[in-house]
Structures are given as C-alpha cells and as structure tokens.
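Topology and contacts: notes
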Amino acid sequence: MTETIDRDDLAALVARSNRIVGFTGAGISTECGVPDFRSPDSPWRRNAPIPFADFCKDPAMRAEAWRRKFAMDDLYAGACPGQGHAFFADLAREGKLVALITQNIDALHHASGLDRDLIIELHGNGTYATCLDCGRRHELPAVRAFLADTGSAPTCPCGGIVKSATISFGQSLPADALQRACDVAGSCDLFLVVGSSLVVRPAADLPRLAKQSGATLAIVNREATPLDPIADVIVRGEIGDILGSLRQAAAPV
Ligand code: NAD
Ligand code: ZN
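Residues numbered from 1 in each chain as written. Chains lettered and ligands numbered in written order. Predicted model: local features only at pLDDT ≥ 70, side-chain atom pairs only at ≥ 80, totals over all residues. Heavy atoms only, no water.

Around ligand 1, the surrounding shell holds 26 residues, and the nearest of these are Arg-38, Gln-103, Ile-105, His-123 and Ser-197. Within the side chain of Thr-30, one N or O atom sits 2.8 Å away from a nitrogen atom of ligand 1. Here an oxygen atom of ligand 1 and a backbone polar atom of Gln-103 are 2.5 Å apart. In the shell around ligand 1, the residues fall into eight nonpolar, twelve polar and six charged. (Near = heavy atom within 4 Å. Polar contact = N/O pair within 3.5 Å; in protein donor to acceptor, adjacent residues only side chain to side chain. Nonpolar A, V, L, I, M, F, W, Y, C, P; charged D, E, K, R; others polar.)

Written as structure tokens, this is what we have:
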C-alpha cells in the first residue's frame, strides 16, 4: 500500500538499500535555476521545442529551433548542481548507486562529479550537437556563431543535418540507453524517482518495470504523479530541502 512518509523514513529506506537506481526529471534542476517543463509560466512554453519531423524537413524550422535553444541556454547559463545532484553523487561514493537514469539534458549530474559511467541519459545532452547522418560531434559556440552570421542552421561537412544532441518530440530514444535503463530498473532494490511528472513515455514506464521486478519504488516530488498509486513511498515537498537534509543526516560528524 502506498504511504506518504517523512524524510526520516526515506533516510532509513536509503540506508538499508544497496542497489539503488536514481531516476531524475526536470524538478531536480529547478533549484539550480533550470526551469522545468510543466510548471506554470515555464519559459519552455514561450520557446517550445520543435518536433523532430519539422526540424528535419524545414531549414527555417531548424534555424528557429536553434534560436529557441540558445534563448533557453542563456536563461540558465552557469547553473550549478544542487542538493539533489549532490545526493546521488554521495550515494555513488558510498557504492550504493547502480545507475542514475535521467530525462534531463542539462548535464548537471555530470557537473556534480558523479561518475559518467553511472549516468544514463534517456533524452540526450543539450551541451553539444551531433550530425544526424555521420554522428560527428559539433560544438555549440560554432553553431551559434554560424547562426548569428548567416541566420541559417549549419550543416555538417558530410552534408548532414546538425542537431542538438537531445531527443526531440517524435525522435526515437537511444536504444542502448533505453536497454541499459531497463536492465538496471529490473535488477535494483530501490528505484528512487526525483523531480519528474512521470508523464513522458517510455521513460515513465521504468518505475513500473522496477516495481514489477521487486524493487521498492519511492517518489520524491512537489506534486502528485500518475504512478503514485503503485509507489511504496512518496515524499512530497522541495527536493533541495528533502535531499539536502538527508545528506546532512548522513554526513560523518
Ligand atoms: P516535468 O517538468 O514534466 O516535471 C517536473 C516535476 O518536478 C513536476 O511534477 C514538478 O512539480 C516537480 N518539481 C519541480 N521543481 C521541484 C522542486 N524544487 N522540488 C520538488 N518537485 C519539483 O519534467 P520531466 O518529468 O523531467 O519531463 C520533462 C521533459 O522535458 C523531459 O523529457 C526532459 O528531457 C525535458 N526537460 C529537461 C530539463 C532539464 O534538463 N533540466 C528541463 C525541462 C525539460
Ligand atoms: Zn555529418
């Protein structure tokens, strides 16, 4: 049965778990100044992502997509990891974190010092670009300079389309990342969701998979999610506050 527990109980649950998988969404980064997607007045609504099919077929859409991306990047330039990111980095240092699955594209888990081999990025990474044809990496300052000079989106030397290394609406998730996420979800003892509305699929299927495979499912979020009815524990509130106090409680004196 689902229960809403307080942070002391969450601390005990984390303490007795040894194979923890974290699953994070945009909510873990809001305290860092990166806006989430669905909260009211989100700037993502003004700079709505362009669907993948439109991006691919229309050069004007590509230029517009880059303009919107850079507008969003400028909003949270210089953002640093928060308490939630540090909490997972601590778990990794204790040897309890099997993997950290994230829907986020802000690379703040990397910036927290968490071993990159533990991070599974389901929706890609917004800090660089890749060619959709040859896979070559392109750096954002060069893309931005090209856009400013020409008003157009750049193309790769191979002639392919250059796109932010994120997964757009209508674009398939990276199969290897999704497979790895399914594997770790199916073999952990605690699946800990932090800061996700759990409405974006297939990512939102992973907590259900973990639960069906025998893991305890815990959700830390400010508001209710559609998977609350199958969660074992729910902690409602501010992520920085909740996970920050767990870190403090676990810190050696
Ligand atoms: P979402 O915006 O749908 O949900 C975020 C959830 O976190 C909401 O339920 C909100 O109430 C909660 N929340 C926000 N701040 C919180 C806080 N400080 N404490 C507690 N709860 C808080 O995000 P999602 O589920 O990750 O789905 C959005 C999609 O958009 C993802 O696919 C992601 O790729 C993308 N996105 C990424 C970023 C990022 O990289 N930081 C930001 C926005 C959107
Ligand atoms: Zn190319």
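Before going further, it helps to spend a moment on the pairing of strand 8 (residues 190-194). Counting buried residues in strand 8 gives five out of five residues, a clear majority hidden from the surface. Alternating residues of strand 8 divide into Leu-190, Leu-192 and Val-194 and Phe-191 and Val-193, and every residue in both groups is buried. In the sheet, strand 2 (residues 20-24) pairs with strand 8 via five bridges, with the strands oriented parallel. Counterpart to Ile-20 in the pairing with strand 8 is Leu-190. As defined by bridge partners, strand 8 adjoins strand 9 (residues 216-221) across five bridges and the pair is classed as parallel. Bridge pairing in strand 9 links Leu-192 to Ala-218. Viewed along the sheet, the connection from strand 8 through helix 9 (residues 206-212) into strand 9 turns out right-handed. (Buried < 20%, exposed > 50% of the residue type's maximum accessible area, 1.4 Å probe, protein only. Helix = DSSP H or I, 4+ residues; strand = E, 2+ residues; numbered from the N terminus. Pairing = 2+ DSSP bridges. Right-handed = clockwise from strand over helix to strand, strands pointing away.)

With respect to topology, three strands assemble into an open sheet ordered 6-5-7, the strand pairing being antiparallel. Edge positions in the open sheet fall to strand 6 (137-138) and strand 7 (162-166), since each of these has one partner strand only. Both strand 5 (residues 124-131) and strand 6 contribute to a ladder of two bridges, which runs antiparallel. Bridging from a neighbouring strand, Ala-129 pairs with His-138 of strand 6. In the packing of helix 7 (residues 140-150) onto the sheet, contacts are made with strand 5, strand 6 and strand 7, and the angle to strand 5 comes to roughly 65 degrees. (Contact = heavy atoms within 4.5 Å. Axes fitted to C-alpha atoms, helices over the stretch in contact; angles between N-to-C directions.)

Here the focus is the coordination of the zinc ion (ligand 2). Protein-derived ligands of the zinc ion (ligand 2) are Cys-131 (SG), Cys-134 (SG), Cys-156 (SG) and Cys-158 (SG), with the metal-ligand distances lying across 2.2 to 2.3 Å. For the zinc ion (ligand 2), the four donor atoms in the first shell make angles of 102 to 117 degrees at the metal, a pattern classed as tetrahedral. (Donors = N, O, S within 2.8 Å, 3.2 Å for Na, K, Ca; no water. Tetrahedral: all angles 85-135°; square planar, octahedral: opposite > 155°, others 65-115°.)

Within the structure shown, the criterion is met by zero disulfides. With no disulfide of its own, Cys-182 has Cys-188 as its nearest cysteine by sulfur position, at a separation of 12 Å. (Disulfide = S-S within 2.5 Å.)

Turning our attention to unusual backbone geometry. Across the junction of Arg-201 and Pro-202, the peptide omega takes the value 5 degrees, indicating a cis bond. Position of Pro-202 relative to the elements: it lies in the loop between strand 8 and helix 9. A positive phi angle is found at Leu-198, which is not glycine, with a value near 55 degrees. On the secondary structure map, Leu-198 appears in the loop between strand 8 and helix 9. Under the relative-accessibility criterion, Leu-198 is labelled buried at 6%.

A few words now on the packing of aromatic side chains. For the coordinates displayed, the defined rule picks out five aromatic pairs. Geometrically, the ring pair formed by Trp-66 and Phe-70 is stacked, given 5.5 Å between the ring centres and 25 degrees between the ring planes. Highlighted residues: Trp-66 and Phe-70, both in helix 4 (residues 59-75), separated by four residues, approximately one helical turn. Of the two residues examined, Trp-66 and Phe-70, each falls in the buried class. Both rings, one in Phe-87 and one in Phe-88, keep their centres 5.3 Å apart while their planes meet at 75 degrees; by these two values the pair is edge-to-face. Each member of the pair, Phe-87 as well as Phe-88, is classed as buried. Grouped by ring-pair contacts, the aromatic residues Phe-37, Trp-44 and Phe-169 constitute a single cluster. Sitting above the plane of the Tyr-128 ring, Arg-137 keeps its charged end 4.1 Å from the centroid. Cation over ring: Lys-163 sits above Phe-55, and NZ or CZ is 6.0 Å from the ring centre. (Phe/Tyr/Trp six-rings, centres within 6.5 Å; stacked < 30°, edge-to-face > 60°. Lys NZ or Arg CZ within 6 Å of the ring centre and 35° of its normal.)

Shape is all these values report; function is a separate question.
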